[in-house]
Amino acid sequence: MFADARLNENYPLLARLSEPLKPAEREIVGREHEIQQVLAGMERPELSNILLLAEAGSGKTALVQATMLEDHKRLYLEVDPARMISEAGDSNLMAATLKGFFDEAERYVKHEDHELVLFIDEFHQIVQLSDAAVEAIKPVLAASGTRGIRVIAATTYDEFHMHIAPNQPLVERLQRISLAQPGRETTITILQGVAERYGVAEQFVDDHLFRQIYEYTERYMPASSQPRKSILVLNAMVGWHRRGRSMNRDLLADVLQESLNVNVSFKVDVAKIKQQLDAKVLSQDLATRAVARRLQLSVADLQNPGRPMASLLFTGSTGVGKSELTKQLAKLLFGDDQRHLIRFDMSEFAEDSSLQLFRSELTKRVWDRSHAVVLIDEVEKASAMVTRLLLQVLDDGRLTDDNNRQVSFLNTYIVLTTNAASEVYKTIADYAPDDTGSGKELMEYEKLIRRSITKTQADNRFPPELLGRIDAIVPFQPLSLATQQQIVKNKLRELVQEVHVKHNVRVTINPRVLQYLIEDRGNTDSDAGGARAAVARLTSEVTTEVATFINQFPAERRIGIDIEGEMVSDRKDLRTSDAHVMVFTMQ
């Protein structure tokens, strides 16, 4: 460790278990007060030891390096706890190793006439190793001022509370100095210094890109600390710049995408948002218009930066397209509706005892996939405690996980669905059908819908304050028979294509099949299941028959689907229909 061989020989433990603290590679800014705190603490005649408390990445080591630049009368050594533990080889021998190390340090001060500052980062590692080690270090700390030795220990708040705080005599031998994360302006100054050291300062015309780095890391990396998280992003950008990329916002966006799976550079054609949604979700013009308008804010990055990108409450009877619109939203924004759609069936979290499970699952899945649509399906079925947990997500855009780590929801789109207000939708279905979903009739019932939702408070499961945190309430029109017919027609077309691709079988469908499924078997009652029920009928009565026929006659290459028997829609005098689906070989 020492450049002088004589010192290495005379102080072998110091040489093996510590090394001179390296000077800072950049200017340390924004820590002037803390530097004076440390220097004043080390001038105390007794108990002149410091404990630096800060989140990882907040600059504990940098503070000690900056202090060293102003303190010319002491030698600063950085102690390696891991190496010390390895040297001891056994927790029972750690106390002896510590005592020998500090005895050598005292001998060094006496014989070399040079006071020492021993900087021990990750101090909790020594404390948690053995009780004997803690007892060995207490008298050293108590007498450090008179022995010419100063100890600067450093750890995080979590490690302090877990390993150090329970030992009050140890805590009393250390002066605590808490380091706050540097603010925006200090972090930007630090980034400018880092850019200078990396040789890319000339790539920045002004501080605009540095400010974006700070803002994005604050928004999307709440579990990490400044300035480290901003420096890490800049470091990644420099790597790509050296490979030929321009140092600009596009590069920043790509770095955030690859490192955090966060998309800050929307690649959505804003002019076609509604058109794309309408192509997949039929006869819900009001709903798709409301969603498209809300997305305009997100694309322009003008939404509230402290909350999720958007929070939407989809309300309507079952089978009207709420889940389908959510899937299409994920596909439109992120390119797929599988990995980027996080779904929770809230009937599984109806008991208060499920609160911790919901928190754990929600934070874990959003941590893994922070850029996603989060679907909270049938929110009114959730426990009141679970619902109130959602209030925190909608309000703050973050939630603490099982590891006490802040998980950001700022890049998520929260969609809650509810079947509340079913009695209102039943009235609309019966007396105000709309084949386009234009919203004309819905708007007339809007107050009734809102009032009905706010009254859905069994056990206070759907409190009014939840509505106050929703960006938009999106009502869905009950589906008319004409809309159901178009949906089933599309599904029949998909069936024909699927059978041809998978089995090389051509399928011809008689128009009577569609008539049978919709007019004979269909229902416009808002409680009847809407499109979901219509598609289920198609699967049960058509797709299953086709599958059975193909399995029985695998050599057939052309088949037809028709209706056998008389349908009520053809014969109004019939009370019941004996019609059924028939699959047959075509010549």
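On a predicted model such as this, the values are computed, not experimentally measured, just so you know.

## Regarding the sheet that holds strand β2 (residues 50-53)
With respect to topology, 6 strands assemble into an open sheet ordered β1-β3-β4-β5-β2-β6, the strand pairing being mixed. With partners counted over all chains shown, the strands left at the sheet margins are β1 (18-20) and β6 (175-178), one partner each. For this sheet the average axis-to-axis angle between neighbouring strands, irrespective of direction, equals 25°. Taken together, the 6 bridges between strand β3 (residues 74-79) and strand β4 (residues 115-121) define a ladder with parallel strand orientation. Across the sheet, L75 pairs through a bridge with L116, a residue of β4. Where helix α3 (residues 32-42) meets the sheet, its contacts fall on β2, β3, β4, β5 (149-155) and β6, and the angle it forms with β2 comes to roughly 155°.

## Digging into the pairing of β4
Taken across its 7 residues, β4 has 6 buried, putting it largely inside the fold. Sheet topology places β4 next to β5; 6 bridges connect them, and they run parallel. Looking across to β5, one finds that D121 is bridged to A154.

## As for the pattern of salt bridges
According to the stated counting rule, one finds 33 salt bridges in the structure shown. The shortest N-O distance in the salt bridge between E34 and R31 comes to 3.4 Å. By the burial criterion, E34 is buried, and R31 matches it. Through salt bridges that share partners, E43, D71, K73, R74 and E115 make up one connected network.

## Brief notes about helix α18 (residues 322-334)
Compared with an ideal rise of 1.5 Å per residue, which puts 13 residues at 18 Å, α18 spans 18 Å between its outermost C-alpha atoms and is within 8% of the ideal. Considered for burial, the residues of α18 that qualify are K322, L325, T326, Q328, L329, A330, L332, L333 and F334. Close packing links the buried residues of α18 with α16 (273-280), α17 (285-299), β7 (310-315), β8 (341-345), β9 (372-377) and β12 (412-418). Just beyond α18, the residue with positive phi is G335, at close to 90°.

## A word on helix α19 (residues 355-368)
Its 14 residues place the ends of α19 20 Å apart at the C-alpha level, agreeing with the 20 Å of an ideal helix rising 1.5 Å per residue. Those residues of α19 that are buried lie in contact with β8, β9, α20 (384-396), β10 (398-400), β11 (406-408) and β12.

## Focus: the packing of helix α12 (residues 184-198) against helix α14 (residues 228-241)
Put simply, α12 and α14 touch, their axes get as near as 10 Å, and they point 30° apart. With respect to α14, the axis of α12 lies roughly parallel. Considering only the axes of α12 and α14, their crossing is right-handed. Within the contact between the two elements, α12 uses T187, I190, L191, V194, A195 and Y198 and α14 uses S230, I231, L234, N235 and V238. For the contact of α12 with α14, a count of residues per class yields 8 nonpolar, 3 polar and no charged.

## Comments concerning the sheet that holds β12
Ordered in space as β8-β9-β12-β7-β13, the 5 strands form an open sheet in which the pairing is parallel. Two strands bound the open sheet, and with one partner strand each, they are β8 and β13 (472-475). Direction aside, neighbouring strands of the sheet carry axes that sit 20° apart on average. Inspection of the sheet shows β8 paired to β9 by 5 bridges, in the parallel sense. Paired with F344 across the two strands is I376, which belongs to β9. In the packing of α18 onto the sheet, contacts are made with β7, β8, β9 and β12, and the angle to β9 comes to roughly 170°.

## Regarding the pairing of β9
The buried count for β9 comes to 6 of 6 residues, which makes it a mostly enclosed element. Both faces of β9 are covered, namely the face carrying A372, V374 and I376 and the face carrying V373, L375 and D377. Summarising the sheet, β9 and β12 pair through 5 bridges and their orientation is parallel. When the bridges of β12 are listed, A372 appears paired with T412.

## Remarks on the domain arrangement of the protein
Domains assigned within the protein are domain 1 (5-178), domain 2 (184-260), domain 3 (272-475) and domain 4 (481-585). Opposite the 7 residues of domain 2 that make contact, domain 3 presents 13 residues. Between domain 2 and domain 3 lies a buried interface of about 730 Å² when both sides are counted; carbon and sulfur atoms form 53% of it. The largest contributions to the domain 2 side of the interface with domain 3 come from R219, Y220 and P222, which together make up 67% of the buried area. At the junction of domain 2 with domain 3, the criterion picks out 0 salt bridges. Seen at the junction of domain 2 and domain 3, the total is 1 residue pair in polar contact (both at pLDDT 80 or more). Tallying contributions element by element places helix α13 (residues 208-220) first for the side of domain 2 that touches domain 3, with 4 residues. Looking at side-chain class alone, the side of domain 2 that touches domain 3 contains 5 nonpolar, no polar and 2 charged residues.

## Points about the nonpolar core
In terms of nonpolar packing, the biggest core is built from 57 residues, with L234, M237 and V373 touching the most fellow members. Looking at which domains feed residues into this core, each of domain 2 (184-260) and domain 3 (272-475) gives three or more. Leaving out residues up to four positions away in the same chain, V373 has contacts with T326, L329, A330, L333, F334, H340, L341, I342, Y413 and V415. Formed by 39 residues, the second largest nonpolar core is a distinct cluster that contains L7, Y108, I126 and I149.

What counts, and at which threshold
- The residue count restarts for each chain, going from 1 along the sequence in the order it is written.
- Two thresholds apply to this predicted model, a pLDDT of at least 70 for residue-level local features and 80 or more for giving and counting side-chain atom pairs, whereas whole-chain, interface and lining totals are computed over all residues.
- Note that the side-chain values use all heavy atoms of the structure and ignore hydrogens as well as water.
- A pair of strands counts as paired when DSSP detects no fewer than two bridges linking them.
- Helical segments are the DSSP runs of H or I of at least four residues, strand segments are the runs of E of at least two, and each set is numbered from the N terminus.
- As a rule, the C-alpha atoms of each element are fitted with a line to give its axis, helices using only the stretch in contact, and angles between N-to-C directions run from 0 to 180 degrees.
- Any pair of residues with heavy atoms lying within 4.5 Å of one another is described as a contacting pair.
- Each residue is placed in one exposure class: buried if its accessible area under a 1.4 Å probe, protein chains only, is under 20% of its type's maximum, exposed if it is over 50%, and partly exposed if it falls in between.
- Any Lys or Arg side-chain nitrogen located within 4 Å of an Asp or Glu carboxyl oxygen qualifies as a salt bridge.
- Multiply 1.5 Å by the residue count of a helix minus one, and that product is the helix's expected span.
- When an angle is under 35 degrees it counts as roughly parallel; over 145 it counts as roughly antiparallel; between 65 and 115 it counts as roughly perpendicular; any other value is oblique.
- What makes a crossing left-handed is the near helix being turned counterclockwise from the far one by less than a right angle; a clockwise turn instead makes it right-handed.
- Gly is placed with the polar residues, together with every amino acid not listed as nonpolar (Ala, Val, Leu, Ile, Met, Phe, Trp, Tyr, Cys and Pro) or charged (Asp, Glu, Lys and Arg).
- Reported domain spans reflect what an automatic or database domain assignment gives.
- Two parts placed together each lose some accessible area; with a 1.4 Å probe, that loss summed over both constitutes the buried area.
- Distance and chemistry together define a polar contact, namely a pair of N or O atoms within 3.5 Å, with one atom able to donate a hydrogen and the other to accept it when in protein, and with adjacent residues in sequence counting only for side-chain atoms on both sides.
- Here, nonpolar core refers to any group of buried Ala, Val, Leu, Ile, Met, Phe, Trp, Tyr and Cys residues whose side-chain atoms link them within 4.5 Å.

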